[in-house]
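# Structure assessment
This is what each chain is made of:
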Amino acid sequence: MLVINYQTMLRKLSLIALVLVVVASSVTAQQKKIGNETPAQKKKRMEWWTDARFGMFIHWGLYSEAARHEWVKHNEHMTNEEYQKYFDRYNPDHFDPHKWARAAKAAGMKYAVLTTKHHEGFCLFDSKFTEYKAMNTPAHKDLVKEYVQAFRQEGLKVGFYYSLLDWHHPDYTVDDAHPLTQVDTSQANYDRLNKGRDMNKYRAYLRNQVRELMTNYGKIDILWLDWSWDKGSKHGKWGKDWDAVNLLKMVRQLQPGIIVNNRLGLYEYSDGGDFETPEQVSTKELDKYKGHTFETCQTFSGSWGYYRDENSWKTHRQLLDLLISSVSNGGNLILNVGPTARGEFDYRATNALDSLAYWMHANSQAIYDCTLAPESFKAPDGTKLTYNPKLKKLFVHLYDYPDGGKLTLSGYASKIKYAQFLNDYSELKYTANGSDLELTLPKKKPPYNIPVVELDLQ
Ligand code: GLC
């Protein structure tokens, strides 16, 4: 009797142990972790960013002089020597980061991310580890330092972009994005170009520079490290090439509160980045990110760096749609400006920002602290919804202004306490019709491309 019980118990125990082993190994297989932060701690760390919803990206470097894309060195297969003219004459005489910060703030942006070094390798900051920096150009300034001070003073959060790629450094091994591999893609050419290059030295350089950025400029709120190839790509780089695990550990140690993007190529880690970065995607595609932690990065036109002759600028409505669609899917939008070689936002960027400022002045409450609406609320045709969970307010963004001034909110009856336009707090009357609400809007559309109705929920 006793023996049988003992055996059963043993069998049960070994079964439990087996289950535990299987569960544990499947967790480690897909979900390795670098740190030990809990989801609640992460939520808290990310809170200001989640509430902010809207930021400004700034791509600025020597490529602003070429004024034809920040990838110009790659696109035109330039050598360091050919590119040198931009370094020698870099002199942004109108650079005034306070002006930038004020424009960002007026447009309703709460944070900014500046390219401290883009793929071209040129450093806007004063680094001990290179001569290829603004200090040694006619600009003769630590532009990053001035940017940080100005944006902080204007009350914005401050972020750095740092390119993992480097098309200038002599030890950076050439890959399939490098300017020198674009014409001759043979293995022999890769071998020839990589002779004498030592990626270990570049890795040390990268680490030293990131350490400088994380130590010399006070508190930094966001770090954007850009970018990595898919794991396994033949002539690409990812996590291991950047020594990304240790890099990220260093960053988190030096700046405990910092928020880091997901482009380090740490594919097997659940905490290898704080947010996803869908780049230049359509608003339709953003729907796929519903409920994810994401920040979509978008340009005004096609290029990140200043591009004089690029004329396909997004309309005011397209920009608003990006902003509203990001928030209605629970994410952020970071919108890019590429200042000119003189250090200014050009008139097209300024016009776009001004138009956003006009809309945000009236409607920002439907953006800040907002997220996707609860499932029980369906967006009426021609509208998108955002939702403030703390205030229990639902915002209906009227993409198509209803003809005749009637808007039917299906299934909303008994869920609403009060309705008004957000832009002027003017009351909107409604009647219940079964489970629907019929909202009466003025025939004349308020003077906003996409007006917003604010609904106080029960
Ligand atoms: C890409 C591009 C780059 C741009 C960035 C912004 O990775 O290489 O030019 O800076 O995306 O998301």
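A quick note: this is a predicted structure, and the numbers were derived from the prediction, not measured.

Time to look at the side chain of D221. Topologically, D221 is positioned in the loop between helix 10 (199–215) and strand 4 (222–226). With near-sequence residues (within four places) excluded, D221 lies in contact with W48, R152, K157, V158, I258 and I259.

This paragraph deals with the domain arrangement of the protein. Split into domains, the protein comes out as domain 1 (2–366) and domain 2 (383–457). When each unit is reduced to the centre of its C-alpha atoms, the spacing between domain 1 and domain 2 is 37 Å. Contacts between the two partners involve 16 residues from domain 1, matched on the other side by 17 residues from domain 2. Summed over both sides, the interface between domain 1 and domain 2 buries roughly 1,500 Å², with carbon and sulfur atoms accounting for 52% of that surface. At the boundary of domain 1 and domain 2, one finds two salt bridges. In this structure, the connection of domain 1 to domain 2 is made through nine residue pairs in polar contact (both at pLDDT 80 or more). Looking at the side of domain 1 that touches domain 2, the elements with two or more residues in it are helix 14 (316–328) and helix 15 (347–363). In terms of residues, the side of domain 1 that touches domain 2 owes the most to one element, helix 14, which gives eight residues. When its residues are assigned to classes, the side of domain 1 that touches domain 2 shows seven nonpolar, six polar and three charged.

Using the criterion set out here, one finds 27 aromatic pairs in the structure. Note on W100 and F345: the rings are 5.5 Å apart at their centroids and 20° apart in plane angle, and the pair reads as stacked. With W100 in helix 7 (residues 97–106) and F345 in the loop between strand 7 (332–337) and helix 15, this residue pair connects regions lying 245 residues apart in the sequence. Given a relative accessible area of 12%, F345 falls into the buried group.

This part covers the site of the ligand. Neighbouring residues of the ligand: 13 residues in total, closest H59, E70, H118, H119 and E279. Note that an oxygen atom of the ligand is positioned 2.8 Å from one of the side-chain N or O atoms of H119. Side-chain polar atom of R263 to an oxygen atom of the ligand: 3.2 Å apart, as the coordinates give it. Coverage of the ligand by the protein amounts to 94% of the 300 Å² it exposes when considered alone.

For the rest of this paragraph, the subject is the nonpolar core. One finds F151, F160, V210, W242 and W359 to be the most contacted residues of the largest nonpolar core, which totals 96 residues. Both domains that meet at this core, namely domain 1 (2–366) and domain 2 (383–457), each give it at least three residues.

Ordered in space as 10-13-12, the three strands form an open sheet in which the pairing is antiparallel. Edge positions in the sheet fall to strand 10 (406–409) and strand 12 (430–433), since each has one partner strand and no second. Across this sheet, the average inter-strand angle for adjacent strands is 25°, counted without regard to direction. Judged from the four bridges that link them, strand 12 and strand 13 (residues 436–440) form a sheet pairing that is antiparallel. Bridge pairing in strand 13 links Y430 to L439.

This paragraph deals with the pairing of strand 13. Side chains L437 and L439 of strand 13 all project onto a buried face; the interleaved residues D436, E438 and T440 project onto a face where none is buried. The sheet contact formed by strand 10 and strand 13 spans four bridges and is antiparallel. When the sheet's bridge partners are listed, L409 is paired in strand 13 with L437. Taking the residues that link successive antiparallel strands as the turn, the strand 12-strand 13 hairpin has two residues, and the phi of G434 there is positive, at about 65°.

Procedures and definitions
Residues numbered from 1 in each chain as written. Predicted model: local features only at pLDDT ≥ 70, side-chain atom pairs only at ≥ 80, totals over all residues. Heavy atoms only, no water. Helix = DSSP H or I, 4+ residues; strand = E, 2+ residues; numbered from the N terminus. Contact = heavy atoms within 4.5 Å. Domains from an automatic or database assignment. Buried area = accessible area lost by both parts, 1.4 Å probe. Salt bridge = Lys/Arg side-chain N within 4 Å of Asp/Glu carboxyl O. Polar contact = N/O pair within 3.5 Å; in protein donor to acceptor, adjacent residues only side chain to side chain. Nonpolar A, V, L, I, M, F, W, Y, C, P; charged D, E, K, R; others polar. Phe/Tyr/Trp six-rings, centres within 6.5 Å; stacked < 30°, edge-to-face > 60°. Buried < 20%, exposed > 50% of the residue type's maximum accessible area, 1.4 Å probe, protein only. Near = heavy atom within 4 Å. Areas by Shrake-Rupley, 256 points an atom, 1.4 Å probe, with all protein chains shown as cover. Core = buried A, V, L, I, M, F, W, Y, C linked by side-chain atoms within 4.5 Å. Pairing = 2+ DSSP bridges. Axes fitted to C-alpha atoms, helices over the stretch in contact; angles between N-to-C directions.

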